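# Structural features, examined
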Amino acid sequence: MIFRGKVHKYGSNVDTDVIIPARYLVTSDPAELAAHCMEDIDPDFVKRVQPGDIIVAEENFGCGSSREHAPIAIKASGISCVIAKTFARIFYRNSFNIGLPILECPEAVDGISAGDEVEVETSTGKIVNLTTCKAFQARPFPEFIQQLILAGGLIPYARERVKALKKCR
Amino acid sequence: MGQTITQKILAAHADKDQVEPGELVTIKLDFMLGNDITAPIAIREFKQIGVDCVFDKERIALVPDHYTPAKDMKAAQQVKEMREFAHEYGITNFFEVGRVGVEHTLLPDEGLVVPGDAVIGADSHTCTYGALGLFSTGVGSTDLAAAMALGETWVRVPETIKFVYYGKLNKWVGGKDLILYTIGKIGVDGALYCSMEFTGETISFLPMADRFTMCNMAIEAGGKNGIMHVDDTTLEYVKPRAKRPWKVYASDSDALYKEIIEIDVSEIEPQVAFPHLPENTRPVSQASDIRIDQAVIGSCTNGRIEDLRIAASVLKGRRVHPDVRLIIIPATQEIWQQAMREGLFDIFIEAGAAVSTPTCGPCLGGHMGCLAEGERAIATTNRNFVGRMGHVKSEVYLSNPAIAAASAVLGRIGSPEELN
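Residues numbered from 1 in each chain as written. Chains lettered and ligands numbered in written order. Predicted model: local features only at pLDDT ≥ 70, side-chain atom pairs only at ≥ 80, totals over all residues. Heavy atoms only, no water.

## Comments concerning the overall build of chain A
Quick reminder of the rule: Helix and strand assignments follow DSSP, with helices taken as H or I runs no shorter than four residues and strands as E runs no shorter than two, numbered in order from the N terminus. Computation of the radius of gyration draws on C-alpha atoms alone. For the globule rule, the value is 2.2 Å times the number of residues to the power 0.38. Relative accessibility thresholds used throughout: buried, under 20% of the residue-type maximum; exposed, over 50%; partly exposed, between the two (1.4 Å probe, protein chains only). Using a 1.4 Å probe, accessible areas were evaluated by the Shrake-Rupley method; residue-level cover was limited to the displayed protein chains. Just so you know, the count uses Lys and Arg for positive and Asp and Glu for negative, and it drops His and the chain ends. By convention, charge coordinates are those of NZ in Lys, CZ in Arg, CG in Asp, or CD in Glu.
Scanning chain A from terminus to terminus reveals eight helices and seven strands. For 169 residues, the compact-globule estimate of 2.2 N^0.38 gives 15 Å, and chain A sits close to it at 16 Å. Oriented by its inertia axes, the alpha-carbon framework of chain A measures out at about 55 × 40 × 25 Å. Scored against the burial criterion, the 169 residues of chain A give a buried share of 59%. Surface summary for chain A: the accessible area is close to 6900 Å², and the carbon and sulfur share equals 54%. Computed over 20 positive and 21 negative side-chain charges, the separation of the two mean positions in chain A equals 8 Å.

Next up, the structure:
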């Protein structure tokens, strides 16, 4: 998939509580969650975000809670992809499981500023800053993650796995 | 090359002789967990998989502990979805209000997780159970959904960082201070994607409560799991509770570690983590003149009977500062009853504290003690992110129960030593 959008840039340790505060976790409706995405770190985010936009952040993006509501809120807000130097590990898993593309690329994070227009090809990890005409290459996904993406996420993968396990029994 | 305890447990659950860091393996799971925030999404996703039963009715716990007793209609609806799912699929470990406790205290206390297990939970603090010499880690709802159908999950075998604690603990210093100090030293991503193995002579003298507290906060350093070795203290705790047989694993002496960090605990004072990250730790003596509006003693970090006894020893015969609200939350019904029998509630109530039924409420700014704009709290909980306990312009300071109790009396952050 190729995505193109404007960049919303954040620092290190953006935690799941600021991505979607606990006071909104009495629902798991994506649209309701998206309405409060990034509220405690960037109250204007929901007014500013356009479909296809990209979040770029420094280290340890998504640290804290296991709440899948965080990547769900980001995805439902219209964000097409998140690029960070590193991701917290539960957020990393959750993003693949729900189909939010994420890329680890420290060089791209250093070479992209807020408001830049960026193009991302998620299958190859190629990132191009269209504002500065600089290109970057994200780390490739582990093979199993690629299989998960090809299967369409964890639930379709689990569906196939259930069938395979039944055959063996 | 030898294997670490984490590698050995993962290898055993992947039907392999050994596994290497970085390897992706599918492991069979012994137990799994969801709560009233994460389970509703897991249930919805589970139904998309198209199976007519869960992998094992007795190896799933559904624990409505975050917004319960239901704080509003939406919270009630989420628990209703869990309750109906538990009934429909015959899941035996659904804990109704009145029998529920804070999940990470409840599961080990009920003997549902035992040494040698591989456990996942749709809650980041699932790493708590590593104190029993088992592998446990937090995942999201979709991972839980797939695991409820398959009884397995995929994991990347982590590298291990070994922490060796030695020396004698100073007064009022416990497991909470050791882990806050450690996170202060390595940072909130200091153990990203890694296993944190806590060892050393100091650990062998720690009670289980303190060990659970340390493993609980592995996630606050970015760790995949926290883990300790099984010893007599572990077995004394496990034996009367275990609902299943257990198996003891230990790291080989020639196991390969990413790093070995040695910590002399005799140099550690009680710690306070300043807003807005658990890594912003300082000794309590350097936390002077920070006035507080609220103190919270409880949560999956410090809501055990040992924690309540420490709080009571500080509060006995004293009064909470007139400008402070002190909220005390025993983590389970069993702990509640024990505290009542020991007369701890008399001490708390005479001091002017509120005692609550088990809930995670205030820890995540859910209910039972949210903060208003500009307010400050000291809490024995595990996170102090922006807006964690309520208003985005409120502040949370993390500490052990003795410091939280003393601060409630002083009206500012301070140590029990200042009360004499």
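## Notes on the nonpolar core
Short version of the rule: What we call a nonpolar core is a set of buried Ala, Val, Leu, Ile, Met, Phe, Trp, Tyr and Cys residues that are connected through their side-chain atoms within 4.5 Å. What makes two residues a contact is simply this: any of their non-hydrogen atoms within 4.5 Å.
Judged by nonpolar contacts, the single largest core of 146 residues is most densely connected at Phe61(A), Ile74(A), Ile83(A), Ile127(A) and Phe348(B). Among the elements that line this core, the one with the most residues is helix 14 (residues 401-410) of chain B, at eight residues. Those residues in contact with Ile127(A), other than ones at most four positions away along the chain, are Ile83(A), Leu103(A), Cys105(A), Ala108(A), Ile112(A), Val118(A), Glu119(A), Val120(A), Lys134(A), Ala135(A), Phe136(A) and Ala138(A). Listed in part, the 59 residues of the second largest apolar core include Phe163(B), Met196(B), Ala218(B) and Ile219(B).

## As for the packing of aromatic side chains
Put simply, the test is: We call Phe, Tyr and Trp rings a pair once their centres come within 6.5 Å, taking the six-membered ring for Trp, and we label the pair stacked below 30 degrees between planes, edge-to-face above 60, and tilted otherwise.
Under the counting rule described, the total for this entry stands at 17 aromatic pairs over all chains. Geometrically, the ring pair formed by Phe144(A) and Tyr157(A) is edge-to-face, given 5.5 Å between the ring centres and 85° between the ring planes. Here Phe144(A), found in helix 7 (residues 143-151), pairs with Tyr157(A), found in helix 8 (residues 154-168); they are 13 residues apart in sequence, far enough to count as distant. Its relative accessible area of 12% is what places Phe144(A) among the buried residues. Given a relative accessible area of 22%, Tyr157(A) falls into the partly exposed group. Between the aromatic rings of Tyr165(B) and Phe198(B), the centroid separation amounts to 6.3 Å while the plane-to-plane angle is 40°, which identifies the pairing as tilted.

## Digging into the state of the cysteines
Rules: To count as a disulfide, a pair of cysteine sulfur atoms needs to be within 2.5 Å.
For the structure shown, the criterion picks out zero disulfides over all chains. Just so you know, Cys63(A) is unpaired, no disulfide at all, and the nearest cysteine sulfur is the one on Cys127(B), 14 Å from it. Take Cys63(A): its relative accessible area is 7%, and that puts it in the buried class. No disulfide involves Cys300(B); its nearest neighbouring cysteine sulfur is the one of Cys363(B), lying 6.2 Å away.

## Here's the deal with the sheet that holds strand 9 (residues 195-199) of chain B
Residue and element names in this part refer to chain B. Selection rule: Two strands qualify as a pair provided that DSSP identifies no fewer than 2 bridges between them. Here an axis means a line fitted to C-alpha atoms, over the contact stretch when the element is a helix, while the angle between two N-to-C directions is reported on a 0 to 180 degree scale.
Strand order in the open sheet formed by four strands is 10-9-8-11, with parallel pairing between adjacent strands. One side of each edge strand has no neighbouring strand; the edge strands of this open sheet are strand 10 (225-227) and strand 11 (259-264). Averaged over all pairs of adjacent strands, the angle between strand axes in this sheet comes to 20°, irrespective of strand direction. Direction of pairing for strand 9 relative to strand 10: parallel, over a ladder of three bridges. Across the sheet, residue Met196 finds its bridge partner in strand 10, namely Gly226.

## Some thoughts on the side chain of Thr213(B)
Residues and elements named next belong to chain B. The line we're drawing: Here a polar contact means two N or O atoms within 3.5 Å. Within protein one must be a hydrogen donor candidate and the other an acceptor candidate, and residues neighboring in sequence count only if both atoms are side-chain atoms.
Here Thr213 is to be found in helix 8 (residues 208-216). Residue Thr213 is classed as buried on the basis of its relative accessible area of 1%. A distance of 2.7 Å separates a polar side-chain atom of Thr213 from the backbone oxygen of Thr301. Ignoring anything within four residues of it in the chain, the contact list for Thr213 reads Gly175, Lys176, Ile179, Thr301 and Asn302.

## Regarding the pairing of strand 2 (residues 54-57) of chain A
Residues and elements named next belong to chain A. What counts here: The handedness of a crossover follows from its direction of travel: if, with the strands pointing away from the viewer, the path from the first strand over the helix to the second runs clockwise, the crossover is right-handed.
Burial along strand 2 is two-sided: Ile54 and Val56 and Ile55 and Ala57, pointing in opposite directions, are all buried. As judged from the four bridges shared by strand 1 (residues 2-10) and strand 2, these two strands associate in the parallel manner. Looking at strand 2, one finds that His8 is bridged to Ile55. Bridge count for strand 2 against strand 3 (residues 81-84) is four bridges, and the pairing is parallel. Counterpart to Val56 in the pairing with strand 3 is Ile83. For the crossover from strand 2 across helix 4 (residues 69-76) to strand 3, the handedness is right-handed.

## Observations concerning unusual backbone geometry
For the bond running from Thr68(B) to Pro69(B), omega is -10°, close enough to zero to count as cis. With respect to the element layout, Pro69(B) can be found in the loop between strand 3 (60-63) and helix 3 (73-89). Following Pro275(B), the chain continues into His276(B) via a peptide bond in cis, with omega recorded as 0°. At Asn13(A), a position not held by glycine, the phi torsion is positive, near 55°.

## Thoughts on the interface of chain B and chain A
Quick reminder of the rule: Buried area: the accessible area, evaluated with a 1.4 Å probe, that two parts lose upon being put together, summed over both parts. Within this document, salt bridges are pairs made up of a side-chain nitrogen of Lys or Arg and a carboxyl oxygen of Asp or Glu, the two lying within 4 Å of each other.
With 50 residues of chain B at the contact, the number on the chain A side is 44 residues. Together chain B and chain A conceal approximately 3900 Å² of surface at their shared face, both sides included; 58% is due to carbon and sulfur atoms. By the criterion of area lost to chain A, the three top residues of chain B are Leu150(B), Trp154(B) and Tyr193(B), representing 16% of everything that side buries. On inspection of chain B and its partner chain A, the count reaches four salt bridges. Between Asp17(A) and Arg388(B) there is a salt bridge; the shortest N-O distance is 3.0 Å.

## Regarding helix 13 (residues 344-351) of chain B
Residue and element names in this part refer to chain B. Threshold: Throughout, the arc means the angular range of directions from the helix axis out to the C-beta atoms.
For helix 13, every residue scored as buried is listed here: Leu344, Phe345, Ile347, Phe348 and Ala351. Angularly, the buried residues of helix 13 cover 160° about the axis, an arc narrow enough to put them on a single face. For helix 13, exposure combined with an orientation more than 90 degrees from the buried face picks out Asp346, Ile349 and Glu350. Buried-residue contacts for helix 13 involve helix 11 (305-315), strand 15 (325-328), helix 12 (333-341) and strand 16 (354-355). Looking one or two places after helix 13, you find Gly352, whose phi comes out positive at around 100°.

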